[in-house]
Amino acid sequence: MTTKLFGEPIPRREDPRLVTGRGRFLDDLGGRALAAAFVRSPHAHARVVDIDVAGALDVEGLVAVYTWDDLGGRVGEPLPLLIPHPALTHGRTGYPLARDVVRHVGEPVAMVVATDRYLAEDAADRILVGYEPLPPVVGIEAAAAADHLVHEDVPGNAGARLVQEVPGPDGLSAPAAIERAPHRLEFRLAIERSASMPLEGRGVYARWDADDESLRVYSSTQTSTSVRMAIAAKLDLPPAKVEVIAPDVGGGFGVKIVHPWPEEILVPWAARLLGREVKWTEDRREHFTSSAHERGQVHFVRVGFDDEGRILGLDVRFLHDHGAYTPYGIIVPIITSTQLLGPYKVGAYRVEFTSLYTNTVQVTPYRGAGRPQGVFCMERTMDRVAVHLGRDRTLVRAANLIQPGDFPYDQGLTFQDGRPLIYDSGDYPELLRMVKELIGWDDFGKAQTEAAVRGRRLGLGLACYVEGTGVGPYEGGHVEVDSSGRVHVSTGLTSQGQGHQTVFAQIAAAELGVPIEDIRVTTGDTRRFRYAVGTFASRAAVLSGNAIALACRALRDKALRIAADALEADPRDLEIEDGIVRIRGNPAASIPLRTVAVLSNPLRYAFDEEAARATQFAVGGSTDQPPVAEGEQPGLEGTQYYSPVRSTFAAGAHAAIVETDPDTAEVRVLRYAVVHDCGRLINPRIVEGQIHGGVAQGIGGALYERLIYDEHGQLLNASFMDFLMPYATEIPAIETAHLETPSPLNPLGVKGAGEAGVIPVSAVIAAAIEDAEGIRIEEMPISPDDLFRLRERARRAAGESSGAEAGEARPV
Amino acid sequence: MKPPPFAYRAPRTLDEALAALAEYGADAKVLAGGQSLIPLLNMRLAAPAVIVDINRIGALDTVFVDATGVRIGALARQRRVERATDAARVQPLIGQALRHIAHPVIRVRGTVVGSLAHADPAAELPVVLAVLGGSVEVASAAGGRRAIPAAEFFAGALEPALRPGELAVGAFFPALGPRAGTAFAETARRHGDYGLAGVAAVVALDDDLRVAAARIGCLGVAATPFVLDLTDVLGHRPPDSCDWSAAAEHAKRAVRPEADIHAGGDYRRHLIGVLTERTLRAAAAAARDGVIDD
């Protein structure tokens, strides 16, 4: 077994367990726990007048019913606003159980605890809640019109408004630069609501130990450490008395970074109150109406450019639909407004967003987190400019790209982490060249023409993006070698299927020189690691990966010091390979790492043969020095943290060929090509898996998925029958190529890869359909019915004024 | 998403099942493949007092094929019928439509007669039964057996013409006549979804290989399967000189589908035109190929 594992496409170590049904997900735990179920609002906006629980009391097996009136202390307070921002002048969060007003269908009103979930739902059905309906606000336009308010103390339904401006090199503002530009366009672009929709919903299982006055909570979360702090604070417990464990988590994609959810507070609270184990497992309908959505935004773009297509000024205003509450602040629209620029330098830039409340499920980050919308704006703009000038779409992009010599490149904006948006490294012209080659850009026109002769419509689209990954503030890694030579690696952030068991082990194996079989990785368990932030923003490999590498390096130094003592050698002459420390060039002089671990911990008591070697009469060495040298600690273990100064910027370019059916208006993706740069690759196979999953979600967002509310605020497709998540049958084979521009910001030179696949897909598919149809695509997702109606409209327009090209943008 | 309380009966013979249905009448719901009923129960959209599970009645798990047609028992799974080559020879339309129902794992549980008794206006099998002029055989403890023609069986959306106490015990799909061909096509959002619109076509030729009869059945456009005879529109011509698009236009004008969250009425009507032309052409080609093969 070689120990040179960094960069190798080894199979995922977690898969044999997960694919043979041996995963341990939230609902696999707590088989004897009481079950919780919730009474949730059927109204989008209503005053809760009274709650009559009498009918539920007849249900055999009922244990307790709670409403807001029962919640004492901090449990009854509004949920935290996790990320405050000065521009979020009217941030609002809900109560764990509705206090007086419900603001979306699905908001929890009462909690039922019973001996099983069937009975809990029977009891919940019998609780009669009296509502006085209030006028609902549904849709971005209605929110902006503000005829009715979601929160009566939030005028105009506006939670936040934020402007960022970067003047051009000539000092001109964006509006002035656009005014003076040789060419100008303006248009509206919209993206509809979708959702993370992990296959496993949320879930919480809590055990209260009355003797120890301690709480153990399992949660299907993306941040066990922060859930722990939140529960400790809400339940007024010392943090040391609360442990939170994320077991196997069946996908997160952002929705599980939000915390504490009402259920994450209420279930532990009830477990303590009742002195019984309590579990709540979210069902699919609850997930649709009671967790979080994303993506819904309407953008108004003005752009000025020269004859080459160089952007001289870009002015974007957009409206963000925030749903009923803002627990995660305004991270999503901030990311849209900053990442919109992608790999391009635009002359002058102005962006302004207003974040609006509506009586719908709250909006928090979903994989991509505002970037798909930003990239849609920028890339649709590039295509518009190209069509207007009659230039090849890739030439217009090339004219605007940041060049390899420009790094570090400061976009002049403030990013989601409050730090300057400075790109650390990349080679964007090479990405564009590679994706053109991969998809066969230059030869496509011929294929398109030939297909047209046979009555087939093919279209080609392309989009580029830059993704800020690996945001701080920090993560840590702990590494310990035990006296059997096993290496235990732990980090505080959680896993939702990314392959952390594999990549973190690859890092440790490469850094320590030990076989990967000896390495065990633990994530998301506060019993093992207490300080962490969480898994989001494509940050696990960057943050925890580097922290683990640093911890391994420190541990390796220590191991070499101890081994040098034992071998009477200079530490600089030692190397570790296959778990054995040896003197370079002298294979006979060696000591296994497990023995070094024994020696690292001077003992008084021998508990086995190995330990006997470290006892006081067995070890040699000087007797006038302390057994543990000054500045050292016993044990071959250590913790290190990695805290980046700012994000590192991954990038990529996607291209796709689609075919549209001339009769049925169905869209089929024939080919999908991805060129991706996430710095040094730890495991290409895992990066490709992330890309495949991301592209699949992106195709879902482009062609299938939308959350449809009626004017009353009822979600009309709250099931997998009507919310059209694509199957494998809808996803083409995905072709990938990698470019590696190492990040100078971290020791491993890595950048994040988790979200990349999803980011540009709507822009790519829209461009390809536009190319196939000659019809402007301004809103995504697009269904066959949408395309049918666009064709009908274009046909009517062509009939009215035969001069105007249907696909042409409107000059201003 | 757990069902409300219900009583459960699992008879082992048809007589026991009919006795249970007679006892509980309208309070009872029959469970066969459960691919529609179980989700309805879990979402608490259906709350029958009693579930009569017929899965243990082996005598209903039958597929009989003879020259007159295909007779399918209430417990025959869709997957079994789909794979029955003798049934495909006698009436190919059944298998052509079955392949559009969801996914193999669902067809392994789902039953043909259960789909008919569920009477979903977007489902494939009711349209097949209707366009072929088949029937559903029902039985009850009191009234013995009777056959209900497809045209009467589908009384409304999710409303089969079953009286309380009656069990659909089988369905009869008539054999394809000589010099005849069938085709089925639908447009669905995802592979395996209910169709936004779909058309089943049957075309028969006369001795001179001219169109003698042409019928289509449409799904997704009305509360019940919509059957249309297009023989006169096509005008007894050889397939090569038929004006298929005129027939498609005729079908389009005849349907008035409603909009739902997946598609508007105009688009559905447009699809009926597209699919009518495609299926009529394919059915006529199959009819002629059959003659040539013979």
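So, how was this worked out
Residues numbered from 1 in each chain as written. Chains lettered and ligands numbered in written order. Predicted model: local features only at pLDDT ≥ 70, side-chain atom pairs only at ≥ 80, totals over all residues. Heavy atoms only, no water. Salt bridge = Lys/Arg side-chain N within 4 Å of Asp/Glu carboxyl O. Helix = DSSP H or I, 4+ residues; strand = E, 2+ residues; numbered from the N terminus. Buried < 20%, exposed > 50% of the residue type's maximum accessible area, 1.4 Å probe, protein only. Contact = heavy atoms within 4.5 Å. Buried area = accessible area lost by both parts, 1.4 Å probe. Polar contact = N/O pair within 3.5 Å; in protein donor to acceptor, adjacent residues only side chain to side chain. Domains from an automatic or database assignment. Nonpolar A, V, L, I, M, F, W, Y, C, P; charged D, E, K, R; others polar. Pairing = 2+ DSSP bridges. 1 Å grid on protein atoms, 1.4 Å probe; cavity = no way out; pocket = protein on both sides within 12 Å on 5 of 7 lines; lining within 4 Å. Points joined across faces, edges and corners; volume = space filled by probe spheres on them. Core = buried A, V, L, I, M, F, W, Y, C linked by side-chain atoms within 4.5 Å.

## Focus: the pattern of salt bridges
Residue and element names in this part refer to chain A.
- Using the criterion set out here, one finds 75 salt bridges over all chains in the structure.
- The closest approach of N and O atoms between Glu263 and Arg202, which form a salt bridge, is 2.7 Å. Here Glu263 is found in helix H6 (residues 262–274), whereas its partner Arg202 is found in the loop between strand E8 (183–191) and strand E9 (203–209), with 61 residues between them in sequence.
- Measuring nitrogen to oxygen at the nearest pair gives 2.6 Å for the salt bridge that ties Glu770 to Arg380. Here the residue Glu770 occupies a position in helix H18 (residues 761–773), and Arg380 occupies one in helix H9 (residues 371–389), the gap between them amounting to 390 residues.
- On the basis of relative accessibility, which here comes to 2%, the residue Arg380 falls in the buried class.

## Overview of the interface of chain A and chain B
- Counting from both sides, the interface comprises 32 residues of chain A and, opposite them, 26 residues of chain B.
- Between chain A and chain B, the buried area comes to about 2,500 Å², and carbon and sulfur atoms account for 57% of it.
- Taken together, the connections running from chain A to chain B amount to five salt bridges.
- As a salt-bridge pair, Asp122 of chain A and Arg44 of chain B come within 2.8 Å of each other at their nearest N and O atoms.
- At the junction of chain A with chain B, the criterion picks out 17 residue pairs in polar contact (both at pLDDT 80 or more).
- Elements that contribute at least two residues to the side of chain A that touches chain B include exactly helix H2 (117–125), helix H7 (284–290), helix H17 (684–704) and helix H19 (784–800) of chain A.
- Counting residues per element, the side of chain A that touches chain B draws most heavily on H2 of chain A, which supplies five residues.

## Here we look at the domain arrangement of chain B
- When cut into domains, chain B gives domain 1 (7–53), domain 2 (60–174) and domain 3 (180–293).
- In this structure, domain 1 of chain B and domain 3 of chain B have C-alpha centres spaced 36 Å apart.

## Digging into the domain arrangement of chain A
Residues and elements named next belong to chain A.
- The domain boundaries assigned to chain A delineate domain 1 (31–134 + 196–290), domain 2 (368–470 + 646–800) and domain 3 (472–642).
- Of note, the centres of domain 1 and domain 2, computed from C-alpha atoms alone, are 37 Å apart.
- Across the boundary between the two partners, domain 1 contributes 11 residues, which contact 12 residues of domain 2.
- With both chains or domains summed, domain 1 and domain 2 bury close to 850 Å², and 70% of this area falls on carbon and sulfur atoms.
- The largest share of the area that domain 1 buries against domain 2 comes from Val105, Met197 and Phe288, three residues that together contribute 52% of it.
- Between the two partners, domain 1 and domain 2, sit zero salt bridges.
- Summed over the shared surface of domain 1 and domain 2, the result is one residue pair in polar contact (both at pLDDT 80 or more).
- Of the residues that constitute the side of domain 1 that touches domain 2, the class distribution is seven nonpolar, two polar and two charged.

## A look at the sheet that holds strand E2 (residues 46–52) of chain A
Residue and element names in this part refer to chain A.
- Taken in spatial order, the three strands make up an open sheet running E4-E2-E6, and their pairing is antiparallel. Two strands in the sheet have a free side with no partner beyond their single neighbour: strand E4 (101–102) and strand E6 (128–133).
- Of the pairings in the sheet, the one linking E2 to E4 comprises two bridges and is antiparallel in character. Bridged to Arg47 within E4 is Val101.

## Concerning empty space enclosed by the protein
Residue and element names in this part refer to chain A.
- Tallying each qualifying case throughout the model produces four cavities of 30 Å³ or more.
- In this model, the largest cavity occupies a volume close to 220 Å³.
- For the lining of the largest cavity, the class distribution of residues is 10 nonpolar, seven polar and four charged.
- In this structure, the second largest cavity occupies an estimated 140 Å³ of space.
- Lining the second largest cavity are 17 residues, and of these Arg295, Pro372, Gly698, Gly701 and Ser762 lie nearest its centre.
- Mapped by element, the contributors of at least two residues to the lining of the second largest cavity are H17 and H18.
- Per-element tally for the lining of the second largest cavity: the top contributor is H17, with three residues.
- Taken together, the residues of the lining of the second largest cavity sort by class into eight nonpolar, five polar and four charged.

## Remarks on the side chain of Thr279 of chain B
All names here are of chain B.
- Mapped onto the fold, Thr279 is located in helix H12 (residues 265–293).
- Judged by its relative accessible area of 2%, Thr279 falls in the buried class.
- Only 3.2 Å separates the side chain of Thr279 from the backbone oxygen of Thr276, close enough to count as a polar contact.
- Leaving out residues up to four positions away in the same chain, Thr279 has contacts with Ala183, Phe184, Ala185, Val199 and Ala201.

## Focus on unusual backbone geometry
- In the segment running from His259 of chain A into Pro260 of chain A, the intervening peptide bond is cis, with an omega of -15°.
- For Pro260 of chain A, the location among the structural elements is in the loop between strand E11 (242–245) and H6.
- Geometrically, the link from Met780 of chain A to Pro781 of chain A is a cis peptide bond, its omega value of 0° lying close to zero.
- Within the secondary structure, Pro781 of chain A sits in the loop between strand E29 (779–780) and H19.
- A positive phi angle, near 55°, is found at Ala146 of chain A, a position not held by glycine.
- For Ala146 of chain A, a relative accessible area of 23% corresponds to the partly exposed category.
- One non-glycine residue, Leu158 of chain B, adopts positive backbone phi at about 60°.
- For Leu158 of chain B, the position within the fold is in the loop between strand E8 (154–156) and strand E9 (159–160).

## Considerations on the nonpolar core
- Leu314, Tyr349, Tyr672, Leu703 and Ile765 of chain A together with Leu280 of chain B are the most contacted members of the largest nonpolar core, which totals 147 residues.
- Element by element, the count of residues in this core is highest for H12 of chain B, at eight residues.
- Excluding its chain neighbours within four sequence positions, the residues that come into contact with Leu280 of chain B are Ala201, Val203, Ala214, Ile216, Leu230, Leu234, Trp244 and Ala247 of chain B.
- By size, the runner-up hydrophobic cluster in this structure holds 56 residues, among which are Ala97, Leu132, Ala139 and Phe173 of chain B.

## Notes on the pairing of strand E5 (residues 69–73) of chain B
Residues and elements named next belong to chain B.
- In terms of residue burial, E5 counts as a mostly covered element, since four of its five residues are buried.
- Hairpin connection from strand E4 (residues 63–66) to E5: two residues lie between these consecutive antiparallel strands.
- Of the pairings in the sheet, the one linking E5 to strand E10 (residues 167–174) comprises five bridges and is antiparallel in character. Residue Gly69 lies in a different strand from E10, and its bridge partner there is Pro174.

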